[in-house]
Amino acid sequence: PIWLFYTLNVVFVLFTLLFLFMQLTSKKPGFVFNDEGFKYKRKHIKYSEIKRLIPGQGGSEPEIVFHDDNTYVIELSWFLKKDRQEIEQIIATNIK
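Keep in mind the model is a prediction, meaning the values are calculated, not measured.

Trainee: Looking at this model, I keep getting lost on the layout of surface pockets. Mind explaining?
Mentor: One way to see where empty space is left: roll a probe the size of a water molecule over the atoms. Each pocket or cavity is described by its volume, and for the largest pocket that value is around 190 Å³. Along its surface, the largest pocket is lined by 13 residues, and Gly56, Gly59, Ser60, Arg84 and Glu88 are the ones closest to its centre. Classifying every residue of the lining of the largest pocket gives two nonpolar, seven polar and four charged.

Trainee: How should I be thinking about the packing of aromatic side chains in this particular structure?
Mentor: To describe a pair of aromatic rings, you give the distance between the ring centres and the angle between the ring planes. Enumeration according to the criterion identifies eight aromatic pairs in this entry. The interplanar angle of 45° and the centroid separation of 5.7 Å between the aromatic rings of Phe33 and Phe38 together place this pair among those described as tilted. Between Tyr40 and Tyr72, the aromatic rings sit 6.3 Å apart at their centres with planes inclined by 80°, giving edge-to-face as the arrangement. In this pair, Tyr40 is assigned in strand 2 (residues 37-40) and Tyr72 in strand 6 (residues 71-73), connecting sequence segments 32 residues apart. A connected cluster of aromatic rings, assembled from ring pairs, spans Phe31, Phe33, Phe38, Tyr40, Tyr47, Tyr72 and Phe79. Here the basic side chain of Lys43 rests over the ring of Tyr72, its NZ or CZ set 4.4 Å away from the ring centre.

Criteria and thresholds
Residues numbered from 1 in each chain as written. Predicted model: local features only at pLDDT ≥ 70, side-chain atom pairs only at ≥ 80, totals over all residues. Heavy atoms only, no water. 1 Å grid on protein atoms, 1.4 Å probe; cavity = no way out; pocket = protein on both sides within 12 Å on 5 of 7 lines; lining within 4 Å. Points joined across faces, edges and corners; volume = space filled by probe spheres on them. Nonpolar A, V, L, I, M, F, W, Y, C, P; charged D, E, K, R; others polar. Phe/Tyr/Trp six-rings, centres within 6.5 Å; stacked < 30°, edge-to-face > 60°. Helix = DSSP H or I, 4+ residues; strand = E, 2+ residues; numbered from the N terminus. Lys NZ or Arg CZ within 6 Å of the ring centre and 35° of its normal.

Structural data, given as structure tokens:
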């Protein structure tokens with residue numbers, strides 16, 4: 001029947017739009033810096049929580065080591081080399 005054809009097409013289009021929306025918003029890299037810390041991928045990290053920064057070397061991503069010895073990898077491969085170095089420098093100079 002024709003109504004089934006149109007219903008399936010509408011459902012398919014809705015799922016496709018939802019999938020595209022999720023793909024475009026989930027992997028968007030970005031940093032928002034402020035005086036207390038920075039926001040990266042929906043996670044707010046305070047400078048006072050950071051024990052040290054392990055800079056990226058030879059294609060590896062930089063890591064943040066917290067005071068409880070947990071690590072968090074910062075994926076900077078999305079950025080230009082100049083921007084990666086600047087982000088690492090900002091974080092390293094603001095660690096308290």
